[in-house]
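These are the residues of each chain, in order.
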Amino acid sequence: MGRQHPLAELELKGYTPPQEFGVRSTGKYFAASLGGVWARSPYLHNGSVRTLQELLTPPAQRAKTFHRGSRRFDPTQMGFTDEGAYLLDTTTPGNANSGHDYGTRLSAAEKAELIEYLKTL
Ligand code: HEM
């Protein structure tokens, strides 16, 4: 019995899932769904951006280090507070917070509106 590719049920115009199981290349790039993104701090695949507010901040101005392990949530910045036992250093290999600068040049008011929208997803 052949296994089905994990993306086989994706129905999108022009998309054909790869035949080979385990081949990750789809020929297209699918960004993760933003459903429940309000609760997904710290952000990006490596957890390198602590809050939604900071994700909308130009990468060069994002915190270089912050603590992981907090159970306190900051509903204004939208992320767990900078507290906890582990200090994440974004300057070390694999921990970079340099990507995804979309939305970083919006005005403060626009960012606030965008965050309110993201909270509804
Ligand atoms: C203002 C526009 C955008 C907003 C508000 C936005 C929002 C977000 C958020 C909140 C995340 C973090 C998800 C998480 O960590 O759980 C994310 C990740 C991501 N977004 Fe966007 N996004 C925007 C534009 C884009 C664009 C234009 C692209 C593609 C060209 C894109 C591709 C991605 C990818 C690939 C990730 C995953 C990155 C990673 O995990 O390291 N985004 N986006």
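For the structure, check the block above.
Definitions and limits used
- Residues numbered from 1 in each chain as written.
- Predicted model: local features only at pLDDT ≥ 70, side-chain atom pairs only at ≥ 80, totals over all residues.
- Helix = DSSP H or I, 4+ residues; strand = E, 2+ residues; numbered from the N terminus.
- Near = placed C-beta within 6 Å.
- Nonpolar A, V, L, I, M, F, W, Y, C, P; charged D, E, K, R; others polar.
- Core = buried A, V, L, I, M, F, W, Y, C linked by C-beta atoms within 7 Å.
- Buried ≥ 20, exposed ≤ 12 C-beta atoms within 10 Å, placed from the backbone.
- Contact = placed C-beta atoms within 7 Å.

## Describing the overall build of the protein chain
- The helix and strand inventory of the protein chain stands at two helices and four strands.
- Walking the protein chain from its N terminus toward its C terminus, one meets helices and strands in the order α-β-β-β-β-α.

## Overview of the site of the ligand
- What surrounds the ligand is a group of 16 residues, the closest being Y43, L44, H45, Y102 and G103.
- Going through the elements one at a time, helix 1 (52–55) and helix 2 (108–118) are the ones with two or more residues in the shell around the ligand.
- By residue class, the composition of the shell around the ligand is eleven nonpolar, four polar and one charged.

## A few points about the nonpolar core
- Counting residues in each nonpolar core, the largest one holds five residues, listed as V49, L52, L55, L56 and M78.
- The contacts of L52, once residues within four sequence positions are left out, are Y43, M78, G79, I115 and L118.

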